[in-house]
Amino acid sequence: MHPDLHPDAGDVRRAPGAGATPPGGDRLARALPTDRSHGSSAPRGGAETSALHAHGPDDVPHTHPDPGVDPHQPLDAGPRALRVGIGGPVGSGKTALVAALCRTLGDEIRLAVVTNDIYTTEDADFLLRNGVLPASRIRAVETGCCPHTAIRDDISANLDAVEDLEATLGPLDLVLVESGGDNLTATFSKGLIDRQIFVVDVAGGDKVPRKGGPGVTTADLLVINKTDLAPLVGADLAVMDRDAKARRGDLPTVFLSLVEDRAATEVADWIRMLISARVASGTTP
């Protein structure tokens, strides 16, 4: 365990504004996409993308975000930390991948993590229990709403968490932002992250890459996880590879088993490549 890691998982630092307020309280209101509710102002750096409407005579007029439209302006180039979002369905292995990357890269670079859960700090607590980073380098955002809301629609709680880490820890090389579990449409706003990793697993069946969705088709890196389970669930990795290539074109796909490769070597190397490019361009602090 890291020497300055607090042994009590309850001491994980929550993001500013993310406390124990129950659903419906101030924290929830802050995490929800208030820019799209009842015609209020646009989100931080963003713009409205759909018209006000109602589903019935008693419904309050509201809007739905278009998953194909990013409501926020892209991040500036820096100098600042590289921000990588990690999304994917519930149980696909996102937190285990974050833990592996922390173990592999934690001694090489200045690293911090933001986790997202709906009503708990479960993922942050997992990282603490496994001793992958000191508590000071982890922030937990309790979104109180659908995970995509806090990573794409109203990103303010996650932005606050990242900025709090940078203000507290000083210059960083990498911030990993892990989404709560969502479906194949989940994407991060470019106002929050620079690159996105999308994680699916073979237990969902070899049809998952073929089903597509923005998470699968547009992520900068697709990780097909838990390949060691493929024989047990009847998933054909060759079919998944073929379909991923058909859906993603030249975008890279990694097949991963954290049982066989606890260092997540290919994913870590991909991140190292991104950081090296930022160092070469002078955009790392």
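Before reading further, recall that the structure is shown in the block above.
None of the values given here were measured: they were computed from a predicted structure.

1. Here we look at the pattern of salt bridges
Thinking step 1. This model, assessed by the stated rule, comprises twelve salt bridges.
Thinking step 2. Between Asp269 and Arg272 there is a salt bridge, and its shortest N-O distance comes to 2.5 Å. One end of the pair is Asp269 and the other is Arg272, both in helix 10 (residues 265-281) and three residues apart, which spans about a single turn.
Thinking step 3. With relative accessibility at 39%, the residue Asp269 sits in the partly exposed group.
Thinking step 4. Using a relative accessible area of 27% as the deciding quantity, one classes Arg272 as partly exposed.
Thinking step 5. Connected via shared salt-bridge partners are Asp76, Arg80 and Asp194.

2. Details of the packing of helix 2 (residues 94-105) against helix 3 (residues 122-129)
Thinking step 1. Here helix 2 crosses helix 3 at 35°, and the two axes come no closer than 10 Å. Here helix 2 and helix 3 pass one another in a crossing that is right-handed. Where helix 2 abuts helix 3, its residues Thr95, Ala96, Val98 and Ala99 lie against Asp123, Phe126 and Leu127.

What counts, and at which threshold
In this convention, every chain numbers its residues from 1, walking through the sequence in written order. Only residues with pLDDT of 70 or above have their local features reported here, since the model is predicted, and side-chain atom pairs are shown and tallied only from 80 upward, although totals for entire chains, interfaces and linings are computed over all residues. Each side-chain value is derived from all of the structure's non-hydrogen atoms; neither hydrogens nor water enter the calculation. Any Lys or Arg side-chain nitrogen located within 4 Å of an Asp or Glu carboxyl oxygen qualifies as a salt bridge. Helix numbering and strand numbering both begin at the N terminus, where a helix is a DSSP run of H or I of at least 4 residues and a strand a DSSP run of E of at least 2. We call a residue buried when its accessible area falls under 20% of the maximum for its residue type, exposed when it is over 50%, and partly exposed in between, using a 1.4 Å probe and counting protein chains only. To obtain each axis, a line is fitted to C-alpha atoms, and for helices this fit is confined to the stretch in contact; angles are then taken between N-to-C directions over 0 to 180 degrees. By definition, any crossing whose near helix is turned counterclockwise from its far helix by less than a right angle is left-handed, and any crossing with a clockwise turn is right-handed. Throughout, a contact is declared for two residues whenever any of their heavy atoms are within 4.5 Å.

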